[in-house]
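# Coordinate inspection notes
Single-letter residue listing:
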Amino acid sequence: MRDLVIVGAGITGAAVFRASARAGLSVCLLDRGRAGGATTAVTSGLFHGGLRYLPYDVATSYAMCLEISRLLAASPGLLKRQVFLWPVYRHHRLGMGLVESLMECYDRFADLRSSPGHFRLSASRTIDCVPAIERSGLIGSLSFDEWRVDVCGLVQGLLAQGRAAGGEVLEGRRVVAFVARDGRIMAARARGLEGRDAEFHARVFVNAAGPWAEEVAVLAGSKAVKLSLRRGVHLVIPHEPPRCGLIFPEPSGRYIGLYPREGEFWVGPTDDPQEGSPDQLAVTPSEAQRLRRSLGTILPGYPAASGRTVAGLRPIFRQFMVPGMLSRDYRIIDHSREGIGNLLSAVGGKLTSHRPMAEDILAAVLPKLEKPAPPPLAVSGGGLASRLLATHNRFASAALSAAMLAYHAMRHAVSRPSALRGDEGFRQAYPDLAEAPSLDQGPHREVPGFEPGADPGAKPGA
Ligand SMILES: Cc1cc2nc3c(=O)[nH]c(=O)nc-3n(C[C@H](O)[C@H](O)[C@H](O)COP(=O)(O)OP(=O)(O)OC[C@H]3O[C@@H](n4cnc5c(N)ncnc54)[C@H](O)[C@@H]3O)c2cc1C
């Protein structure tokens, strides 16, 4: 009999597959479709520290930055640097001072991300980098960088390493039932594409079905998995991307991103609740329209109408929080509390956190196989954020985030920002970006009222 059957071959299942095969377990990974073809395939493709989550969940941002530092050391060729600009306009709700305070908080983790930190760019330098950008009302922009990954290549790499260590991957096998006896699952019953069922016996089962994790747990008779599914739609524009990614607001005021890829770029993602089963996910015309309109506000000359849409669901574990402040941390649910002794469910998490999540799942699997668990990952780095991370205390993390942001906003209000963090600093940090002639000429328009060379940093707090 096998040691382990994993249900779901997204990034989470693939990472658990690799970790367990390398730990010497006999393991089989089942997916109802193509490995990595569901949520994982439609992510923004970033390994990031979660600038968006920083104002309310510094512990998770810190954990993701820590993971980036580990990954950069372990697999330096896997990630590619991606520079983003956050343009600030006169009519924007978030002014230069507030955005820069947020960047200063994020700079605290810059070393972990191997980043030079943020820079404050004048309007003219912003236009040099992205000539097609809307110029009317542009004050300047703030730059920061993240890491980009080939998501498909990452999943295939994990599967190849797991197979090389003796693991088995079966695609097109949908788990439709579990066979149980005396409080233990004996087998997962999976239906092939041709409609025939087969049973996969194992001593332990891991539910890594992402947005379907609640449905898979119910098949095992468990009600312990509760998800808050959030829709994420991207618009995919088949056009040479700008050299920098962009962060900008939708007409509603919520911020989205523009993510450069090979020969195209993605705009989004949206963040709305999903009603009903994950199988009912479909992009509505108004979602697509919203993204097209948003792109038109920042890159007015781009062919937004030509874009297709892709959608996925964030499998966030249910928590008592307003929707805009849901933690992207992960949870591992041991169903033995409900009398199912050999089932674990993995919920939440990010592409960025796939490795620590897999290591934690393996640490929970091994004792069930009466094998010694590896020592827990050291939460190194010191400081309050790392201590908070160890406690998983959401409210303490939110309080520390608010305190950090307030401190940086106050410091910003009383001191002049450093000149080293302006156009010249940006040029030195990213010489290729700042010097090379732009590929992206976009539409050239004279905009009345635009003053080339205006320095946004002359007075903070705009
Ligand atoms: C729009 C969007 C953008 C994102 N961008 C980023 C980003 O840039 N960076 C980042 O770090 N995170 C990002 N995330 C979050 C993160 O990528 C996801 O949380 C994560 O990829 C989910 O992976 P998963 O393996 O849990 O789920 P999935 O990839 O959905 O994998 C679950 C698998 O289970 C299979 N399955 C389901 N039911 C069954 C069954 N009964 N039998 C067999 N197989 C089954 C499915 O076919 C699927 O392949 C994003 C999320 C979304 C939605």
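The structure presented is a predicted model; accordingly, all values stated were derived computationally and were not measured.

It is worth spelling out the packing of helix H1 (residues 11-22) against helix H5 (residues 151-164) at this point. Relative orientation of the contacting elements H1 and H5 amounts to 25°, with a least axis distance of 8 Å. It follows that H1 is roughly parallel to H5 by the angle criterion. Classified by chirality, the crossing of H5 by H1 is left-handed. On H5, the residues that touch Ile-11, Ala-14, Ala-15, Phe-17, Arg-18, Ala-21 and Arg-22 of H1 are Leu-154, Val-155, Leu-158, Leu-159, Gln-161, Gly-162 and Arg-163. Taken together, the residues of the contact of H1 with H5 break down into 9 nonpolar, 2 polar and 3 charged.

Attention shifts here to the pairing of strand S9 (residues 184-192). The pairing of strand S8 (residues 173-181) with S9 spans 8 bridges and is classified as antiparallel. For Arg-173, the partnering residue across the bridge sits in S9 and is Gly-192. Looking at chain direction, S9 and strand S10 (residues 197-207) are connected through 5 bridges and run antiparallel. Pairing of Arg-191 across the sheet is with Asp-197, part of S10. Connecting the antiparallel pair S9 and S10 is a turn made up of 4 residues, with Gly-195 showing a positive phi of about 95°.

Moving on: the nonpolar core. Counting 41 residues, the largest nonpolar core has Leu-4, Ile-6, Phe-47, Leu-159, Val-206 and Val-365 as its most contacted members. Breaking this core down by element, the ones donating at least two residues are strand S1 (2-7), H1, strand S2 (27-30), helix H2 (58-74), H5, S10, strand S18 (343-348) and helix H8 (354-368). It is H1 that contributes the most residues to this core, 7 residues altogether. When residues of this core are assigned to domains, at least three fall in each of domain 1 (2-40 + 152-226 + 326-380) and domain 2 (54-147 + 393-462). Leave out the neighbours within four places in its chain, and Ile-6 touches Gly-13, Val-16, Phe-17, Ser-20, Val-27, Cys-28, Leu-29, Leu-30, Val-206 and Ala-208.

Moving on to the side chain of Ser-345. In this fold, Ser-345 is placed in strand S18. A distance of 2.7 Å separates the side chain of Ser-345 from the side chain of His-335, its partner in a polar contact. Those residues in contact with Ser-345, other than ones at most four positions away along the chain, are Asn-207, Ala-217, Val-225, Arg-331, Ile-332, Ile-333 and His-335.

How each quantity is defined
Residues numbered from 1 in each chain as written. Predicted model: local features only at pLDDT ≥ 70, side-chain atom pairs only at ≥ 80, totals over all residues. Heavy atoms only, no water. Axes fitted to C-alpha atoms, helices over the stretch in contact; angles between N-to-C directions. Helix = DSSP H or I, 4+ residues; strand = E, 2+ residues; numbered from the N terminus. Parallel < 35°, antiparallel > 145°, perpendicular 65-115°, else oblique. Left-handed = near helix turned anticlockwise from the far one by under 90°. Contact = heavy atoms within 4.5 Å. Nonpolar A, V, L, I, M, F, W, Y, C, P; charged D, E, K, R; others polar. Pairing = 2+ DSSP bridges. Core = buried A, V, L, I, M, F, W, Y, C linked by side-chain atoms within 4.5 Å. Buried < 20%, exposed > 50% of the residue type's maximum accessible area, 1.4 Å probe, protein only. Domains from an automatic or database assignment. Polar contact = N/O pair within 3.5 Å; in protein donor to acceptor, adjacent residues only side chain to side chain.

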